[in-house]
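Coordinate inspection notes
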Amino acid sequence: MTTPLSHIRNFSIIAHIDHGKSTLADRLIQFTGGLTAREMSAQVLDNMDIEKERGITIKAQTVRLKYTAKDGETYELNLMDTPGHVDFAYEVSRSLAACEGALLVVDAAQGVEAQTLANVYQSIEHDHEIVPVINKIDLPAADVDKVKAEIEDIIGLPADDAVLASAKAGIGIEEALEAIVTRIPPPKGDATAPLVAMLVDSWYDPYLGVVILVRVVDGVLKKGQQIKFMQAGTTHLIDRVGCFTPKREELTEIGAGEIGFITAQIKDVAQARVGDTVTDAKKPAAQALPGFKEVQPVVFCGMFPTDANDFEKLRESIQKLRLNDASFSFEMESSAALGFGFRCGFLGLLHLEIIQERLTREYDLDLITTAPSVVYKLKLGHTKNEAAKEIELHNPADMPDPNRIDEIQEPWIEAVIYVPDEYLGPILKLCQDRRGVQKNLTYVGGRAQITYELPLNEVVFDFYDRLKSISRGYASFDYHQIGHRPGDLVKMSILVNNEPVDALSMIVHRGTAETRGRGMCERLKDLIPRHMFKIPIQAAIGGKVIARETIAALRKDVTAKCYGGDATRKKKLLEKQKEGKKRMREYGNVNIPQEAFIAALRMGDDA
Ligand SMILES: Nc1nc2c(ncn2[C@@H]2O[C@H](COP(=O)(O)OP(=O)(O)OP(=O)(O)O)[C@@H](O)[C@H]2O)c(=O)[nH]1
């Protein structure tokens, strides 16, 4: 038996990072008896190690709670946890589409922040009923009245009846549950219509294969049913249906308005894309649900094993990770200097770092990650043998002959930054330095809301970190892509000991090339250890060197006395010095430590 629509409530919790979403979710689970105190681990919804360590939610999870309200009725509450970082915005959007309402958690000491706003607007777009929850009222710095005023002024939501809570201390939990039942509307749907369900999330489970989270809109999903994914066009036989309480529980069916999981002997998450519509294969719905969007990786980098013998291990590990994350892409790549590896695509730099960290930590791999790059569009003129064409460039090392390039286009974003007044000046300078175009600037209650258009390339590497450090953590930031635009862009090569290092080459704006080149050389100078010989580090555009640093020799330079002598003699001497040394990853005899590749891109204070 499925629960009647009137007794179902589907809601998510939206919040800025660290405002207490996961802690509140855990409390709701605990209060409704989903888990005994002993079963509650530190945080049940954030179930990946890295999520716990970084304190961020990556994959959306849904928990079904049974709550007997003060009206004496028992309700089925489906709580969706949503990721909080800009890199995972699409997953947030899908989760929101599966709900009728949201708890808006705002930190009583921090107040409304940019991510809160971005999520609230999305939630409002989905016609949600939003219940403000002012959390962390136990903190000495809590200022409930100020936060209420902010919710009303900035977001435009009535905050008089906001729930006052401390998720940590367990205050206001029942009030939050009552608000869910009384203020959030039940789902609408037609249990007798043909099956229409939204694919909200999918992940790989070693025992069950691909697990798919669905929100049934109309009809019923049953074990043994033949289903069809309308976008993918594939059909599958459902072998399990169930829900999480948060323990996995098997059911016989998931009815209209409900959220639950299915398995259907699917091997690869790429076959179950978030946003697809699930219908009955024999009695399909006339129309798919709106809003399906293929998520595209925006940041690319190469990943190579430090030890060439680990290539197969890297391939297997990447394949395993990909099983659980269809938004991450990879293809084989070979480089003269680095050997065999993979070119991988990510939703953002945080996504990249998470995957890199998992490969290193969970799969015990020693990796070299090349300079991340966004995707450029190139217009190429015709040659004797080839017609004019447009190509996408994922790897700066593949840049064609500049003479053939008619135009280079780079991706742009619109960013909304939210910052207390006193940090406004430095933030505007940062945006300006990153080639930003200011679109809007408004003040709301001592804070500025700034809208900028920026080239993604200038944001991807360390913009977020810089923003946080300039504003002592108070600025917040959210963005979406707004398409490609032509730019005066050039490829900058980095030469270490006169050898170009492909993995460090990057595409830069001509106007900032010199500053960037100088910055790169200076940072590399610190990152590369001293060797037996002097190492020139140069940044060059085409054949022209635009910046240079030199790493002094560690001890007496044995080649110094051969100036004017021939190159082979120099080489012999160097070979001799190298004898007996461990083989290292080398570029023209220079060993570059792996952290140098990303670290060199962090632009620091100079840009
Ligand atoms: N003092 C106090 N601290 C709280 C309260 N609720 C949560 N915290 C703390 O705030 C920090 C962030 O809480 P989380 O629940 O992980 O925040 P989150 O919003 O889920 O963060 P993301 O998953 O990154 O979006 C943790 O250190 C919590 O212990 C509260 O009511 N009072």
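If you look the protein up in an unreviewed UniProt entry, it shows as Elongation factor 4 from Sphingopyxis lindanitolerans. Checking UniProt for the protein, the heading Subcellular location (unreviewed entry) contains the comment "Cell membrane".

With that settled, consider the overall build of the protein. Per the secondary structure count, the protein includes 14 helices and 34 strands. Looking at the 607 residues of the protein, the share that counts as buried comes to 55%.

Turning our eyes to something else, we now look at the pairing of strand 13 (residues 248-251). With four bridges connecting them, strand 12 (residues 240-244) and strand 13 associate as antiparallel partners. Bridge pairing in strand 13 places G242 opposite E250. In textbook terms, the turn of a hairpin is the stretch between consecutive antiparallel strands, and for strand 12 and strand 13 this stretch comprises three residues.

In the numbering used here, UniProt assigns the "binding site: GTP" (unreviewed entry) feature to D18, H19, G20, K21, S22, T23, N135, K136, I137 and D138. Secondary-structure assignment places K21 in helix 1 (residues 21-31). Residue K21 is classed as buried on the basis of its relative accessible area, which comes to 9%. Within the fold, N135 resides in strand 5 (residues 129-135). Looking at N135, its side chain comes within polar contact range of the main-chain oxygen of H19, at 3.0 Å.

Here the focus is the packing of helix 7 (residues 311-323) against helix 8 (residues 349-361). Two numbers describe how helix 7 lies on helix 8: the axes approach to 11 Å, and their chain directions differ by 130°. Between helix 7 and helix 8, the interaxial angle falls into the category oblique. Both helix 7 and helix 8 take part in a crossing whose hand is right-handed. Mapping the contact onto sequence places L314, S317, I318 and L321 in helix 7 and I355, R358 and L359 in helix 8. When grouped by side-chain class, the residues that make up the contact of helix 7 with helix 8 number five nonpolar, one polar and one charged.

A few words now on the packing of aromatic side chains. One pass over the structure, following the stated rule, counts seven aromatic pairs. A centroid spacing of 5.5 Å and a plane angle of 15° characterise the contact between F328 and F346, whose relative ring orientation is stacked. Of this pair, F328 sits in the loop between helix 7 and strand 18 (329-335) while F346 sits in strand 19 (residues 339-346); the two residues are 18 residues apart in sequence, bridging distant segments of the chain. Overall, F346 belongs to the buried group, its relative accessible area being 0%. In this structure, R485 is placed above the aromatic ring of W412, and the distance from its NZ or CZ to the ring centre is 4.7 Å.

Judged by pairing direction, the sheet is antiparallel, and its eight strands sit side by side in the order 11-10-16-7-8-15-12-13 without closing on themselves. Each end of this open sheet is capped by a strand with a single partner; those strands are strand 11 (235-237) and strand 13. In this sheet, neighbouring strand axes are inclined to one another by 40° on average, regardless of whether the strands run parallel or antiparallel. Bridge count for strand 10 (residues 226-229) against strand 11 is three bridges, and the pairing is antiparallel. Bridge assignment links Q226 to a residue of strand 11, and that residue is L237.

Inspection of the entire model under this criterion finds 21 salt bridges. For K525, the salt bridge identified is with E549, shortest N-O distance 3.7 Å. Of this pair, K525 sits in helix 12 (residues 513-527) while E549 is found in strand 32 (residues 544-551), placing the two residues 24 residues apart along the sequence. Owing to a relative accessible area of 33%, K525 belongs among the partly exposed residues under this scheme. Accessibility expressed as a relative area gives 18% for E549, which makes it buried. Shared partners join several salt bridges into a network, and the residues in it are E410, R435, E458 and R516.

Let's shift gears to the confidence of the model for the protein. Averaged over all residues, the pLDDT of the protein is 83; the fraction at 70 or higher stands at 85%. Predicted complex, confidence summary: ipTM 0.96, pTM 0.68.

A separate point is the sheet that holds strand 4 (residues 101-107). Pairing within the open sheet is mixed, and its six strands lie in the order 2-3-1-4-5-6. A strand with exactly one partner marks an edge of an open sheet, and here the two such strands are strand 2 (62-68) and strand 6 (163-164). Summarising the sheet, strand 5 and strand 6 pair through two bridges and their orientation is parallel. Each bridged residue has a counterpart across the sheet, and for V133 the counterpart in strand 6 is V163. Contacting strand 4, strand 5 and strand 6, helix 5 (residues 144-155) crosses the sheet at an angle of about 150° to strand 5. Packed onto the sheet, helix 6 (residues 173-183) meets strand 1 (8-15), strand 2, strand 3 (74-80), strand 4, strand 5 and strand 6 and runs at close to 170° relative to strand 5.

A separate point is the environment of L289. Among the secondary structure elements, L289 is positioned in the loop between strand 16 (277-280) and strand 17 (299-305). When the C-alpha atoms of L289 and V196 are compared, they prove to be 7.7 Å apart, with 93 residues separating the residues in sequence. Setting aside anything within four residues of it in sequence, one finds L289 in contact with V196, A197, M198, V217 and T277.

To continue, consider the packing of helix 9 (residues 424-433) against helix 11 (residues 463-470). Across the interface, helix 9 lies against helix 11 with an axial gap of 10 Å and an inter-helix angle of 160°. Relative to helix 11, helix 9 is oriented roughly antiparallel. Taken as a pair, helix 9 and helix 11 cross one another with a handedness that is right-handed. The segment helix 9 lies against helix 11, with P426, I427, L430 and C431 engaging F463, R466, L467 and I470. The residue inventory of the contact of helix 9 with helix 11, partitioned by class, reads seven nonpolar, no polar and one charged.

Scoring rules and cut-offs
- Residues numbered from 1 in each chain as written.
- Predicted model: local features only at pLDDT ≥ 70, side-chain atom pairs only at ≥ 80, totals over all residues.
- Heavy atoms only, no water.
- UniProt positions renumbered as here; feature names shortened; annotations may be inferred.
- Helix = DSSP H or I, 4+ residues; strand = E, 2+ residues; numbered from the N terminus.
- Buried < 20%, exposed > 50% of the residue type's maximum accessible area, 1.4 Å probe, protein only.
- Pairing = 2+ DSSP bridges.
- Polar contact = N/O pair within 3.5 Å; in protein donor to acceptor, adjacent residues only side chain to side chain.
- Axes fitted to C-alpha atoms, helices over the stretch in contact; angles between N-to-C directions.
- Parallel < 35°, antiparallel > 145°, perpendicular 65-115°, else oblique.
- Left-handed = near helix turned anticlockwise from the far one by under 90°.
- Contact = heavy atoms within 4.5 Å.
- Nonpolar A, V, L, I, M, F, W, Y, C, P; charged D, E, K, R; others polar.
- Phe/Tyr/Trp six-rings, centres within 6.5 Å; stacked < 30°, edge-to-face > 60°.
- Lys NZ or Arg CZ within 6 Å of the ring centre and 35° of its normal.
- Salt bridge = Lys/Arg side-chain N within 4 Å of Asp/Glu carboxyl O.
- pLDDT = per-residue confidence, 0-100.

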